[in-house]
Amino acid sequence: MTSLGSVPSVLLGVLLMVVAGGSSLRADAVVRVVATTSLVADLVREIGGTRVSVKSLMGPGVDPHSYQPTPSDLRALQDADVVAFHGLHLEGRMENVLQRLRSRRAQVVAITSDLPVTRLRRVGEGEGAYDPHVWFEVGLWRECISTVVAALVRADPAGTETYQARGEALRARLVALDEWVRRELAVIPKERRVLVTSHDAFGYFGRAYDFEVIGLQGISTVGEAALSAMTELTQLLARRRIPAIFVESSVSPKAIQRVAADAGVRVGGELYSDSLGAPGLAADGTDPSTYEGMVRHNVRTLVSALR
Ligand SMILES: [Zn+2]
């Protein structure tokens with residue numbers, strides 16, 4: 001017997017298909033994926049190749065901690081074959097929406113869901129209080145590949161070989177990228193390996209590549225930097241003779257610029273933190289709209305300011 005409750009959702013489905021007609025997802029793709037952040041979208045694109053069309057809800061410079069989905073996002077999420085999100089509470093204000101989708105659809109995947117908790121940084125007492133910024137440890141981001149491969153295989157079994165081969169190729173590239181990062185950073189002397197930024201996005205980076213990391217704000221950017229934190233940081237910079245501090249592409253630069261002026265230190269450049277950049281080549285020849293380009297840009301920025 002057909003339940004009456006299912007009728008409105010069928011009608012809604014038809015309506016949504018009509019409304020979503022102008023979506024940027026390619027109609028000829030086998031799998032249509034909606035990703036929350038630009039980083040997640042890039043990972044899925046790398047593995048999916050031409051079989052997959054990926055739409056990122058958050059564009060360049062958008063802060064995922066505070067992002068709230070728009071009505072058109074909700075339509076895109078409903079219409080996707082696979083919804084890929086980061087997880088670990090990165091999308092703090094989208095959690096209710098993602099939970100609701102999850103209870104209705106099988107294909108909603110947190111790309112960090114298979115990471116062993118032993119490799120995550122704890123950032124508080126509560127259950128699941130882990131630092132979400134895992135992409136800054138290239139080796140950890142590489143561990144997310146198998147989760148994405150598995151999700152695409154579930155959605156499109158005919159593409160299994162493609163997804164596995166592309167996943168393998170990406171794994172090899174990220175091994176090489178990790179080695180490149182270590183080689184480049186080796187020119188920065190031990191006492192200058194201090195990374196001061198707007199918020200605590202670089203904890204994994206510090207752990208993996210031997211940097212002390214100081215964020216003006218906590219793990220999330222929700223709320224503003226406290227005046228006391230700014231004063232404390234200004235004093236620390238003077239005491240430690242730290243040559244440069246950095247602004248982040250997805251966080252307002254005001255607080256960091258103010259601290260830099262007060263402490264008399266240089267702003268060493270802009271780092272991509274929680275979002276990739278706009279497509280196109282940066283002055284240093286990297287394309288910050290890709291994960292690899294973003295990592296290279298950040299490393300080059302650090303090296304030129306701190307070496
Ligand atoms: Zn963040």
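Residues numbered from 1 in each chain as written. Predicted model: local features only at pLDDT ≥ 70, side-chain atom pairs only at ≥ 80, totals over all residues. Heavy atoms only, no water.

Novice: Got a minute to help me understand the domain arrangement of the protein chain in this structure?
Specialist: How big an interface is tends to be stated in terms of the accessible area lost upon association of its parts. Looking at the protein chain, the domain boundaries give domain 1 (23-179) and domain 2 (187-306). Of note, the centres of domain 1 and domain 2, computed from C-alpha atoms alone, are 25 Å apart. The interface is formed by 31 residues belonging to domain 1 together with 31 residues belonging to domain 2. A combined buried area of about 2,600 Å² lies between domain 1 and domain 2, and 58% of that area is made up of carbon and sulfur atoms. Glu292 is paired through a salt bridge with Arg173; the nearest N and O atoms lie 2.6 Å apart. One can count 16 residue pairs in polar contact (both at pLDDT 80 or more) joining domain 1 with domain 2. Put simply, the parts of the chain that give the side of domain 1 that touches domain 2 at least two residues each are helix H2 (38-48), helix H5 (138-142) and helix H7 (160-185). If you tally residues by element for the side of domain 1 that touches domain 2, the top one is H7, at four residues. (Domains from an automatic or database assignment. Contact = heavy atoms within 4.5 Å. Buried area = accessible area lost by both parts, 1.4 Å probe. Salt bridge = Lys/Arg side-chain N within 4 Å of Asp/Glu carboxyl O. Polar contact = N/O pair within 3.5 Å; in protein donor to acceptor, adjacent residues only side chain to side chain. Helix = DSSP H or I, 4+ residues; strand = E, 2+ residues; numbered from the N terminus.)

Novice: Would you mind showing me how to read the packing of aromatic side chains here?
Specialist: Each aromatic ring pair is described using two quantities: the centre-to-centre distance and the angle formed by the ring planes. Applying the stated rule across the entire model yields seven aromatic pairs. Between Trp135 and Phe136 the ring centres are 5.7 Å apart and the planes differ by 50°, which places this aromatic pair in the tilted class. Grouping residues by exposure puts Trp135 and Phe136 together as buried. Here a set of aromatic residues connected by ring pairs shows up, and it is made of Trp135, Phe136, Trp141, Phe202, Phe205, Tyr209, Phe211 and Tyr291. Just above the ring of Tyr204 sits the side chain of Arg121; from NZ or CZ to the centre is 5.9 Å. In this structure, Arg296 packs its charged tip against the face of Trp180, placed 4.7 Å from the ring centre. (Phe/Tyr/Trp six-rings, centres within 6.5 Å; stacked < 30°, edge-to-face > 60°. Buried < 20%, exposed > 50% of the residue type's maximum accessible area, 1.4 Å probe, protein only. Lys NZ or Arg CZ within 6 Å of the ring centre and 35° of its normal.)

Novice: Please explain the pattern of salt bridges as it appears in this structure.
Specialist: If the charged atoms of two oppositely charged side chains come close together, the side chains can form a pair. Enumeration according to the criterion identifies 14 salt bridges in this entry. We note a salt bridge from Arg32 to Asp81, for which the minimum N-O separation is 3.5 Å. With Arg32 in strand S1 (residues 31-35) and Asp81 in the loop between helix H3 (71-79) and strand S3 (82-85), this residue pair connects regions lying 49 residues apart in the sequence. On the basis of relative accessibility, which here comes to 26%, the residue Asp81 falls in the partly exposed class.

Novice: Whenever I open this one, the coordination of the zinc ion confuses me. Can you help?
Specialist: In this structure, His65 (NE2), His133 (NE2), His199 (NE2) and Asp274 (OD) serve as the protein donors to the zinc ion, at separations of 1.9 to 2.1 Å. Given four donor atoms and angles of 92 to 121° at the metal, the environment of the zinc ion is assigned as tetrahedral. Of note, the donors binding the zinc ion are all from one chain and are spaced H-x67-H-x65-H-x74-D. Within this pair, whereas His133 is found in the loop between strand S4 (108-110) and H5, its partner Asp274 is found in the loop between strand S8 (266-271) and helix H11 (291-306), the two being separated by 141 residues in sequence. Residue His133 is classed as buried on the basis of its relative accessible area of 0%. (Donors = N, O, S within 2.8 Å, 3.2 Å for Na, K, Ca; no water. Tetrahedral: all angles 85-135°; square planar, octahedral: opposite > 155°, others 65-115°.)

Novice: Would you mind showing me how to read the environment of Tyr272 here?
Specialist: One can find Tyr272 in the loop between S8 and H11. Distance from Tyr272 to Pro71, taken between C-alpha atoms, is 27 Å for residues 201 residues apart in sequence. In this structure Tyr272 touches Phe136, Phe202, Ser249, Gly277, Pro288, Met294, His297 and Asn298, once residues within four positions along its chain are discounted.

Novice: Explain the side chain of Asp63 to me, please; I cannot follow it from the model alone.
Specialist: Its place among the elements puts Asp63 in the loop between strand S2 (52-56) and H3. The buried charged residue Asp63 lacks any salt bridge, with Arg93 as its nearest oppositely charged partner at 8.3 Å. (Lys, Arg positive; Asp, Glu negative; His and termini not counted.)

Novice: When you look at the sheet that holds S1 in this model, what are you seeing that I'm missing?
Specialist: The strands making up a sheet associate through hydrogen bonds between their backbones, and the pairing can be parallel or antiparallel. Judged by pairing direction, the sheet is parallel, and its four strands sit side by side in the order S2-S1-S3-S4 without closing on themselves. Two strands lie at the open edges of the sheet, namely S2 and S4, each paired on one side alone. Across the sheet, the axes of successive neighbouring strands diverge by a mean angle of 25°, strand direction being ignored. In this sheet, S3 lies alongside S1 in parallel orientation, the contact comprising three bridges. (Pairing = 2+ DSSP bridges. Axes fitted to C-alpha atoms, helices over the stretch in contact; angles between N-to-C directions.)

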